[in-house]
Amino acid sequence: MEKIVIAHRGASGYLPEHTLESKALAYMMGADYLEQDLAMSRDDCLIVIHDIYLDRLTDVAEKFPERIRADGRFYVIDFTLEELKSLNFSEGFIIEKGQKVQEYKNRFPMFTSTFKLHTFEEEIEFIQGLNKTMGKDVGIYVETKAPWFHKQHNKDISKATLEVLKKYGYTKKEDKVYFQTFDYPDLKYVRETLFPQYNIDVKTILLYAYNDWHETYEYKEGKWQLFDYEPLMTFDGMKEVSRYATGTGPSYDMIIDKDKSKQGSIVITDFVANTHNNNMICHPYTVRKDKLPHYVTSVDELYDALYFKADVDGLFTDFTDLAVNFLKNKIQKLAFTNMHFK
Ligand code: CA
């Protein structure tokens with residue numbers, strides 16, 4: 001099967017993540033799929049943004065200082081679409097000693113030019129419009145962010161997402177769409193309840209987190225508890241997952257053993273084998289040329305380790321062009337070797 005490139009939040013290595021500009025760039029760089037992360041606004045619009053917070057990416061603290069919650073954060077869910085559109089969007093930053101400090105130093109300068117938030121529907125129309133003018137069929141790769149959190153606020157983000165998918169004609173396995181989530185209980189609900197209800201059956205990916213990220217909570221025995229991913233990493237765990245998912249979406253740290261791996265000697269875990277042996281595909285996240293692990297000296301080595309040593313079926317990268325070029329060169333080399341040394 002052909003290996004694919006998924007543009008992680010667009011061409012986010014070059015332009016602020018999840019802006020339509022970064023999607024256009026990734027599109028032109030040859031991505032197979034463009035990623036959308038989704039959170040819901042106070043007035044139930046699906047917003048394309050990676051965090052359920054606004055603090056890392058916008059000037060919300062200056063524009064709406066009174067909306068800060070007790071935990072010191074500003075939440076997408078506390079704002080209307082109109083308010084969200086009034087914010088300036090930026091390359092990601094962290095706050096250090098009260099100052100904004102850009103997270104990736106060599107990326108697009110923060111708070112320069114003009115970027116705005118947009119809705120899921122606006123992005124689909126953008127990509128479908130490009131597919132029409134460019135004569136291509138680039139896919140969408142949709143993630144519902146923290147469905148458990150939206151449920152706590154009486155919002156069903158998965159239902160809202162499927163309604164939009166249905167409206168824009170993404171309904172079947174063959175369609176160029178993946179539905180991904182970290183929330184395994186919600187994925188079960190999507191597959192068992194919502195898919196039949198909406199007559200939808202698209203490809204699904206269960207994303208895997210480390211428990212200490214506190215990525216997912218589930219309502220169990222009368223209270224919200226931290227979800228445990230450990231049992232889902234084994235062959236038997238994945239057998240269960242394969243009832244609901246077309247594939248797995250792990251961190252690449254779950255695929256390459258970073259403690260045992262050294263430069264020139266990559267040690268693979270059994271994660272991809274467990275996935276493949278349960279007839280699922282594997283799409284790890286996230287390859288960044290400006291954040292390489294110690295066991296490689298170039299981004300191409302990391303692409304090679306994941307695509308060809310670990311044998312993943314696709315991967316998320318902030319640098320679509322580099323992954324596309326890597327695959328093109330590698331496939332040419334493999335074809336040459338086959339031709340001359342058979
Ligand atoms: Ca994502």
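Structure first, text after, so check above.
Residues numbered from 1 in each chain as written. Predicted model: local features only at pLDDT ≥ 70, side-chain atom pairs only at ≥ 80, totals over all residues. Heavy atoms only, no water.

Colleague: Just checking my understanding: could you explain unusual backbone geometry for this structure?
Modeller: Glycine aside, residues mostly have negative phi, and peptide bonds are mostly found in the trans state. In this model, Tyr285 is joined to Thr286 through a cis peptide bond whose omega is -20°. Inspection of the secondary structure assignment puts Thr286 in the loop between β12 (281–282) and α10 (299–309). Positioned with a positive phi, Ser113 is a non-glycine residue whose angle comes to about 55°. Tracing the sequence through the fold places Ser113 in the loop between β5 (99–102) and α4 (120–134). The class for Ser113 is exposed, based on a relative accessible area of 62%. Its identity as a non-glycine residue notwithstanding, Asn154 has a phi of 55°, on the positive side. Relative to the helices and strands, Asn154 resides in the loop between α5 (147–152) and α6 (157–167). Residue classification places Asn154 among the exposed residues on the basis of a relative accessible area of 74%. (Helix = DSSP H or I, 4+ residues; strand = E, 2+ residues; numbered from the N terminus. Buried < 20%, exposed > 50% of the residue type's maximum accessible area, 1.4 Å probe, protein only.)

Colleague: Please explain the coordination of the calcium ion as it appears in this structure.
Modeller: In ideal tetrahedral geometry, four donors around a metal make angles of 109.5 degrees, whereas ideal octahedral geometry with six donors gives angles of 90 or 180 degrees. Around the calcium ion, the protein contributes the donor atoms Glu35 (OE), Asp37 (OD) and Glu143 (OE), which lie 2.2 to 2.4 Å from the metal centre. Mapping the donors of the calcium ion onto the primary sequence gives the spacing E-x1-D-x105-E. When its relative accessible area of 2% is taken as the criterion, Glu35 is described as buried. Judged by its relative accessible area of 0%, Asp37 falls in the buried class. (Donors = N, O, S within 2.8 Å, 3.2 Å for Na, K, Ca; no water.)

Colleague: Please clarify how the packing of aromatic side chains should be interpreted in this entry.
Modeller: One pair of aromatic rings is described through two measures. These are the centre distance and the angle between the planes. All told, the structure shown has 26 aromatic pairs when counted by the stated rule. The interplanar angle of 75° and the centroid separation of 5.2 Å between the aromatic rings of Phe64 and Phe79 together place this pair among those described as edge-to-face. Of the two residues, Phe64 sits in the loop between α2 (60–63) and α3 (81–85) while Phe79 sits in the loop between α2 and α3, which places them 15 residues apart along the sequence. The class of Phe64 is buried, set by a relative accessible area of 13%. Where Tyr208 meets Phe271, the ring centres are 5.0 Å apart and the plane angle is 85°; that geometry is what we call edge-to-face. Placement of the pair is Tyr208 in the loop between β8 (203–207) and β9 (217–220) and Phe271 in helix α9 (residues 271–276), with a sequence separation of 63 residues. Given the relative accessible area of 2%, Phe271 is considered buried. One aromatic cluster is present, formed by Tyr184, Tyr208, Phe227, Tyr229, Tyr244 and Phe271 through successive ring pairs. Note that Arg107 overlies the ring of Tyr104, its terminal NZ or CZ placed 4.0 Å from the centroid. Of note, Lys203 hangs over the ring of Tyr178, and the distance from its end group to the ring centre comes to 5.0 Å. (Phe/Tyr/Trp six-rings, centres within 6.5 Å; stacked < 30°, edge-to-face > 60°. Lys NZ or Arg CZ within 6 Å of the ring centre and 35° of its normal.)

Colleague: What am I meant to see in the pattern of salt bridges here?
Modeller: Close approach of charged atoms allows side chains of opposite charge to pair. For the structure shown, the criterion picks out 29 salt bridges. Between Lys100 and Glu62 there is a salt bridge; the shortest N-O distance is 2.9 Å. Taken together, the residues span a long stretch of sequence, with Lys100 in strand β5 and Glu62 in helix α2 at a distance of 38 residues. Its salt-bridge partner being Arg69, residue Asp78 comes within 2.8 Å of it at the nearest N-O pair. You can call Arg69 partly exposed: its relative accessible area is 27%. A cluster of three or more residues bridged by salt bridges with shared partners is formed by Arg9, Glu17, Asp51, Arg56 and Glu103. (Salt bridge = Lys/Arg side-chain N within 4 Å of Asp/Glu carboxyl O.)

Colleague: Which parts of the structure should I look at to understand the packing of α4 against α6?
Modeller: The description of two helices packed together rests on the angle between their axes and the distance between the axes. Contact geometry of α4 with α6 gives a least axis separation of 11 Å together with a crossing angle of 30°. Considered as vectors, α4 and α6 are oriented roughly parallel to each other. Of the two possible hands of crossing, α4 and α6 adopt the one that is right-handed. Contact residues: α4 offers Phe120, Glu121 and Ile124, while α6 offers Thr161, Val164, Leu165 and Lys167. Tallied by class, residues from the contact of α4 with α6 come to four nonpolar, one polar and two charged. (Axes fitted to C-alpha atoms, helices over the stretch in contact; angles between N-to-C directions. Parallel < 35°, antiparallel > 145°, perpendicular 65-115°, else oblique. Left-handed = near helix turned anticlockwise from the far one by under 90°. Contact = heavy atoms within 4.5 Å. Nonpolar A, V, L, I, M, F, W, Y, C, P; charged D, E, K, R; others polar.)

Purely geometric stuff here, so don't read any function into it on its own.
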